[in-house]
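Residue strings, one per chain:
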Protein chains: 2
Amino acid sequence: MNATTKLKQYKDNIEPILDSFFNDKIAKAKDIDLSSSEMIELLKEFTLRGGKRIRAAYLYYGYKCFKNNKEKEIMKASLAVELIHPFLLIHDDIIDQDDKRRKGPTIHKAYEQIFQNNKDIDPEHYGKSFAIIAGDILYAFANEILTKININNHAVHNVIYGEALDILSAIKTNFNKQDLEKTHYLKTASYTIEAPLQIGAILAGASEQQLSMLSKYSIPLGKAFQLQDDILGLFGKEEELGKPIGSDLKQGKRTLLILKALETAEEDDKAFILSTLNNQLITKEDINRVKNIVIKTNSLKYSQDTAKKLIQQAKAAITKQNLKPEGKEFLLGIADYMLERNL
Amino acid sequence: MNATTKLKQYKDNIEPILDSFFNDKIAKAKDIDLSSSEMIELLKEFTLRGGKRIRAAYLYYGYKCFKNNKEKEIMKASLAVELIHPFLLIHDDIIDQDDKRRKGPTIHKAYEQIFQNNKDIDPEHYGKSFAIIAGDILYAFANEILTKININNHAVHNVIYGEALDILSAIKTNFNKQDLEKTHYLKTASYTIEAPLQIGAILAGASEQQLSMLSKYSIPLGKAFQLQDDILGLFGKEEELGKPIGSDLKQGKRTLLILKALETAEEDDKAFILSTLNNQLITKEDINRVKNIVIKTNSLKYSQDTAKKLIQQAKAAITKQNLKPEGKEFLLGIADYMLERNL
């Protein structure tokens, strides 16, 4: 059997593995959000559309140069290598501004098509934005296969799925509090608090039950952290934050401040808020008017109260638990800091 | 000591570690290319410019909830977590079109500034392109710390450094054969052949010496692979490749075909080739004229001959070596395929 036949044979071996890998990820992503599973569907089609699988074959035959037996590790490493490749191609295609790859659209073009008829946004920018994070998630999948501390990869998947939801919040006019909570869990709670805490705990030999207790602390606290971030993004001081106030409005992001204000604001105020979303031309005065509406509708207070409640909930999850004092004190103390911070 | 003081203290602990991590990467990147070390300099400044290090602190105190002693693993995992964060921020900033972050320019804006005065290109696109790969390399650094099979991360670093060189080839008018060889090693040989082969070999328990023998096979073969890619990119069939012919010209890429043709072409042909580089408006006829110049200057033959020589060199590196037949046959056979392939 000649080398190209072997290459073809290896391709036929690895592709069903890639296929079932993606199917598994699609099933899991469906539990997160439709935007998550759609992303993986696109990535599956892109990855399986073509490719010689030359890297995977080299990996296999590099092994075969030194050993005759088969090993499970080889297939895992091959899979990882074949996921890293489309990650690099997707980013490459954005950089090279290529429309086609393997007789089909590149990922940024495929996403651009999806957003084509949306007049509120620039489909080209949206296409590229989704392609950046779609590439990132493939790399995170590959690392999940190769890495020791998998909880961190899981958090990176979450933050990417959350980023997709966050981008979509700008154009999804029916984006609601439930979507927002999901985004806050994925983008902030899982990644900023739950994953780091659990990695540390795992390194210290914590049990499953102890990890789950830490989740009960992390999730409400992470949501409170994000609420405070959104409050600072509108009511904070630009010189402290180091970035412009009101950029969430320009990006059309429906924070809890905005969602709640839209619920109860009078018609003209409501129309005004909607006119600032996705609007690159809003002025300082426009932002001040939005701030006033958010205050007078009690929406600011609502966000602050919600954050406070979440922080109490987080603290309650660990107060009576048996944790070493140094760790516990930090966890309780830093929870309060989440709302006190101005940056 | 209250929690915010502890957070500050942990920040003071982790930042010198981040600092020396980046310094080490800068030193290594200097051996690759100036564009590589410049990228890491920018990333160092961006990462150390600000940030609360809240994730690293959570990781540490997650550990401290269950154990009192210190552990080296904690610092490594903290470092990884603090590298993943700026990776996500950099991509986020592109997506959100933010100019500022932590009182300074975002990475895409910093790169945009660097390319500002270059009239051949779109500095905004270049800025974003470099920011995509700069983010990617931070993630690769983080994975290097966390991963089992490090050779693969090393290859991902290489391919990203190579991508930077490749982007620059479009505007570096003095881009020469040496730069090109470096790009081919980084973008193709290391990533497509050397790393997968060595991962397989390591899983089979190969020695350092055996790995180095595989490098001697991989490097010339990878360069030949890239030369053939470039030949197909200009002389291949669009329906087989699945992407447009001549896109390298539009992207201003100085392949060996172009470099060699520029060396010996007559003045008007040389001027014509230069006029097609970075030119989005070139026609099929323009591409055909470039092809004719590449043929008549013997530049096509030069690339083909170079590739053939490299393949002989690759095969010679393993022919007399003691390798198991199944692996060896594939490696020798597939080397020939590199030039025969039309896709």
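These remarks concern the structure in this document. All of these numbers come straight from a predicted model, not from anything done at the bench.

Residues and elements named next belong to chain A. Here helix α4 (residues 72–96) is 25 residues long and its end C-alpha atoms lie 37 Å apart, about the 36 Å a rise of 1.5 Å per residue gives. In terms of burial, α4 is largely enclosed, as 21 of its 25 residues are buried. With its phi angle positive at about 55 degrees, Q97 sits one or two positions after the end of α4.

This paragraph deals with the side chain of R53 of chain B. All names here are of chain B. Along the chain, R53 turns up in the loop between α2 (34–48) and α3 (54–64). A distance of 3.1 Å separates polar atoms of two side chains, one belonging to R53 and the other to E82. Sequence-distant contacts of R53, that is, excluding residues within four places in its chain, are made with L7, K11, I14, E15, L18, T47, L48 and E82.

Let us look at the interface of chain B and chain A. Facing the 99 residues of chain B at the interface are 100 residues of chain A. Approximately 8700 Å² of surface area, both sides summed, lies buried where chain B meets chain A, with 65% of it carried by carbon and sulfur atoms. Here chain B is connected to chain A by 7 salt bridges. Of the charged contacts, one joins D96 of chain A and K253 of chain B as a salt bridge, the two residues approaching to 3.1 Å between their closest N and O atoms. On inspection of chain B and its partner chain A, the count reaches 21 residue pairs in polar contact (both at pLDDT 80 or more).

Time to look at the packing of helix α1 (residues 3–30) of chain A against helix α3 (residues 54–64) of chain A. Residue and element names in this part refer to chain A. Two elements in contact, α1 and α3, have axes whose closest approach is 9 Å; the angle formed by their N-to-C orientations is 105 degrees. Overall, the two elements α1 and α3 adopt an arrangement that is roughly perpendicular. For the pair formed by α1 and α3, the contact residues are K6, L7 and Y10 on the first element and I54, A56, A57, Y60 and Y61 on the second. Here the residues of the contact of α1 with α3 are counted per class, giving 7 nonpolar, no polar and 1 charged.

Once that is clear, we can look at the relation of the copies chain B and chain A. Relative to chain A, chain B is turned by 180 degrees and slid 0.0 Å along the rotation axis, the superposed coordinates differing by an RMSD of 0.0 Å. On this basis, the relationship between the two copies can be described by a two-fold rotation axis. Among all residues of chain B, the one whose C-alpha sits closest to the rotation axis is T147 of chain B, at a distance of 2.1 Å. By residue overlap, the copies meet face to face through one surface: 100% of the interface positions of chain B are interface positions in chain A.

In this description, a pair of aromatic rings is defined by centroid distance and the angle of the planes. Applying the stated rule across the entire model yields 25 aromatic pairs over all chains. Taking the centre distance of 4.4 Å and the plane angle of 5 degrees together, the rings of F87 of chain A and Y139 of chain A count as stacked. Here the residue F87 of chain A occupies a position in helix α4, and Y139 of chain A occupies one in helix α6 (residues 123–146), the gap between them amounting to 52 residues. A residue is classified by how much of its surface remains accessible, and F87 of chain A, at 0% relative accessible area, is buried. Chaining the aromatic ring pairs together yields one cluster made of Y10, Y58, Y60 and Y61 of chain A together with Y217 and F330 of chain B. Here the guanidinium or amino end of R341 of chain A rests over the ring plane of F225 of chain A, the centre of that ring lying 4.0 Å away. A cation over a ring is seen here: K260 of chain B above Y302 of chain B, with NZ or CZ 4.2 Å from the ring centre.

Take the environment of N278 of chain B next. All names here are of chain B. The residue N278 is located in the loop between α13 (267–276) and α14 (284–296) in this model. According to the relative accessible area criterion, N278 is buried, its value standing at 19%. Note: C-alpha distance between N278 and Y126 (152 residues apart in sequence) is 13 Å. The contact partners of N278, leaving out residues within four places of it in the chain, are D120, I121, A170, L249, K250, Q251 and G252.

Another point: the packing of helix α8 (residues 177–203) of chain A against α3 of chain B. At a minimum axis separation of 6 Å, α8 of chain A and α3 of chain B run at an interaxial angle of 35 degrees. The handedness of the crossing between α8 of chain A and α3 of chain B comes out as right-handed. Contacts between α8 of chain A and α3 of chain B involve Y191, T192, I193, P196, L197, I199, G200, A201 and L203 of chain A from the former and I54, R55, Y58, L59, Y61, G62 and Y63 of chain B from the latter. Among the residues making up the contact of α8 of chain A with α3 of chain B, the classes are represented as 12 nonpolar, 3 polar and 1 charged.

This part is about the environment of D24 of chain B. Assignment of secondary structure puts D24 of chain B in helix α1 (residues 3–30). Residues D24 of chain B and K324 of chain B, spaced 300 residues apart in sequence, show a C-alpha to C-alpha distance of 39 Å.

Turning our attention to helix α5 (residues 107–114) of chain B. Along α5 of chain B, the positions that sit buried rather than exposed are I107, H108, A110, Y111 and E112 of chain B. Where the residues of α5 of chain B are buried, they touch α2, α4 (72–96), β2 (104–105) and α6 (123–146) of chain B.

Moving on to the pattern of salt bridges. This structure, assessed with the given rule, holds 61 salt bridges over all chains. Residue K44 of chain A is joined to D19 of chain A by a salt bridge in which the shortest nitrogen-to-oxygen separation is 3.6 Å. Taken together, the positions of K44 of chain A in helix α2 (residues 34–48) and D19 of chain A in helix α1 put the pair 25 residues apart, joining distant regions of the chain. Residue K44 of chain A is classed as buried on the basis of its relative accessible area, which comes to 19%. Close ionic contact of E163 of chain A with K187 of chain A constitutes a salt bridge, the shortest N to O distance being 2.9 Å. Linking E163 of chain A in helix α7 (residues 150–169) with K187 of chain A in helix α8, this pair joins segments that are 24 residues apart in sequence. Take E163 of chain A and K187 of chain A: they sit in the same class, and that class is buried. One network of salt bridges, with partners in common, ties together D92 and D96 of chain A together with E163, D166, K187 and K253 of chain B.

Basis of the calculations
- Residues numbered from 1 in each chain as written.
- Chains lettered and ligands numbered in written order.
- Predicted model: local features only at pLDDT ≥ 70, side-chain atom pairs only at ≥ 80, totals over all residues.
- Heavy atoms only, no water.
- Helix = DSSP H or I, 4+ residues; strand = E, 2+ residues; numbered from the N terminus.
- Expected span 1.5 Å × (residues − 1).
- Buried < 20%, exposed > 50% of the residue type's maximum accessible area, 1.4 Å probe, protein only.
- Polar contact = N/O pair within 3.5 Å; in protein donor to acceptor, adjacent residues only side chain to side chain.
- Contact = heavy atoms within 4.5 Å.
- Buried area = accessible area lost by both parts, 1.4 Å probe.
- Salt bridge = Lys/Arg side-chain N within 4 Å of Asp/Glu carboxyl O.
- Axes fitted to C-alpha atoms, helices over the stretch in contact; angles between N-to-C directions.
- Parallel < 35°, antiparallel > 145°, perpendicular 65-115°, else oblique.
- Nonpolar A, V, L, I, M, F, W, Y, C, P; charged D, E, K, R; others polar.
- Least-squares fit on C-alpha atoms with pLDDT ≥ 70 in both.
- Phe/Tyr/Trp six-rings, centres within 6.5 Å; stacked < 30°, edge-to-face > 60°.
- Lys NZ or Arg CZ within 6 Å of the ring centre and 35° of its normal.
- Left-handed = near helix turned anticlockwise from the far one by under 90°.

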